[in-house]
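# Observations on chain architecture
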Amino acid sequence: MKFGGTSVGRPERMHQVKDLITRGDEPTIVVLSALSGTTNALVGIGEALAAGDKSLAKERIDTLHAHYLAFYPELLQTPGARVQAEEIIREHFEFLNILLKISFNEAINRDILAQGEMLSTKLFFTLLGELEIPAVFLPALDFMSIDENSEPELQKISEKLKAILAEHPQERLFITQGYICKNHRNEVDNLKRGGSDYTASLVAAAIHASVCEIWTDIDGMHNNDPRIVDRTRPIAELSFDEAAELAYFGAKILHPASIWPAQLHNIPVKLLNTMQPDAGGTLIKASVETTGVKAIAAKDGITAIKIKSSRMLLAYGFLRRIFEIFEKYKTPIDMITTSEVAVSVTIDDLSHLDQILDELNALGSVEVDRNQTIICIVGNMVSETKGAIKSVMDSLVDIPVRMVSYGGSRHNVSILVDAQYKVQALKSLNEGVFSW
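Conventions we followed
Residues numbered from 1 in each chain as written. Predicted model: local features only at pLDDT ≥ 70, side-chain atom pairs only at ≥ 80, totals over all residues. Heavy atoms only, no water. Helix = DSSP H or I, 4+ residues; strand = E, 2+ residues; numbered from the N terminus. Rg over C-alpha atoms; globule rule 2.2 N^0.38 Å. Buried < 20%, exposed > 50% of the residue type's maximum accessible area, 1.4 Å probe, protein only. Contact = heavy atoms within 4.5 Å. Areas by Shrake-Rupley, 256 points an atom, 1.4 Å probe, with all protein chains shown as cover. Salt bridge = Lys/Arg side-chain N within 4 Å of Asp/Glu carboxyl O. Pairing = 2+ DSSP bridges.

## A word on the overall build of the protein chain
Summing up its helical and strand segments, the protein chain has 13 helices and 16 strands in all. Against the 2.2 N^0.38 benchmark of 22 Å for 436 residues, the protein chain shows a C-alpha radius of gyration of 24 Å, consistent with a compact globule. Classification of the 436 residues of the protein chain by burial places 50% in the buried group. At a minimum sequence separation of 6, the contacts of the protein chain that also span at least 24 residues come to 75%. In the form shown here, the protein chain has an accessible surface area of approximately 19,900 Å², with 51% of it arising from carbon and sulfur atoms.

## Examining the pattern of salt bridges
Where charged atoms from two side chains of opposite charge approach closely, those side chains can pair. Under the definition given, this model contains 24 salt bridges. Here R23 makes a salt bridge to D278, at a shortest N to O gap of 3.8 Å. One end of the pair, R23, is in the loop between helix 1 (11–21) and strand 2 (28–32); the other, D278, is in the loop between strand 9 (269–273) and strand 10 (282–285), and 255 residues separate them in sequence. Residues R185 and E187 are paired through a salt bridge, measuring 3.2 Å at the closest nitrogen-oxygen approach. A relative accessible area of 49% places R185 in the partly exposed class. Ionic contacts of the salt-bridge type, sharing partners, join the residues R110, R185, E187 and D189 into one network.

## Considerations on the pairing of strand 7 (residues 212–216)
Among the five residues in strand 7, five count as buried, and that is most of the element. Here strand 7 shows a buried face lined by C212, I214 and T216 and a second buried face lined by E213 and W215. Two strands pair when backbone bridges link them, and strand 1 (residues 2–3) and strand 7 are joined in this way by two bridges, in the parallel orientation. Each bridged residue has a counterpart across the sheet, and for F3 the counterpart in strand 7 is W215. As defined by bridge partners, strand 7 adjoins strand 9 across five bridges and the pair is classed as parallel. Looking across to strand 9, one finds that C212 is bridged to V269.

Structure representation (structure tokens):
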């Protein structure tokens, strides 16, 4: 069971989580995110230190410290538990203040980012102790690891975790951190933003759990972005493939990488609402019966690159040379379309854009369109559903479409538009595809 930042962000929410994790019969591993707002605050502290602005870093540390000093008296009632919480908070903020006196580097920054999950889990564990609810504290840094390519070492995670659990055969409740891990240099690292979902899925795969539950503040995966579009609804069931497409292309409720570990071991994933625990939510599993369009998601911050070359016509090896450039700079491609003399691709990682463009210029003329959005239309066998592509394109008749990717997946049609048309596109598709 994984609980996100909003699910643990207030003392009364932590009490709700306590109720949820103790109502079942199965032994349960609970994965917690940092309190909402904490990771952003820690990022801000790291940025101030990186810029050499120690007074700003100190100010941000003190602001966050004050938040925790106000948080724990509302969470805990007994003097003993409050003393424990004071000590936990003192220890972590002492660490942050020590960093003001030493040289900043990326390893220290990762240590800073880890403090949020450590604080939330220790405070929650203190709450369980106060209420005399038996539980085991399970530090993620003891078992969660990534290799030199920042990929989780699932086999190693499984071996370590099973060994730890074997030491507590009678226990029913285990509390651990999302997001944080150790890297191949044995340094504190993380699974990037949203990584607590990833942690939960990896843990579920590592122990062959009966289910992986992701608890957030929304009742499942919706069929469109509820922040933009009125009259969205939760989707009862999705296949792993459908959910992976939606997560990758912008559905914020789920971390994009968190599907494959569960899919690997066929572990169902449930997306549930902490604030409405009896709502149906979304069940993600190996296969579903329903076909046609189920949901729409949008991925912002996309850059489109078109490489045009008159020499490309019938020239084998041209695509390979293009892809080798992106591979060299470890930059993934989201979409690709081709014509006789041109190739268009999209990327969202601009870290090496200048170097990539320099090398692509040797292959032909290059055009760059920034600030684009991918609109992803997802459904089981949507590419084989009669009329599906027509309803999509009819809905977008008033919107300039930059690229279309159709047929690469049975579950996805992707459309690239300028970001200024994103809201209009989502609303038009909601009307046209779902007939609302």
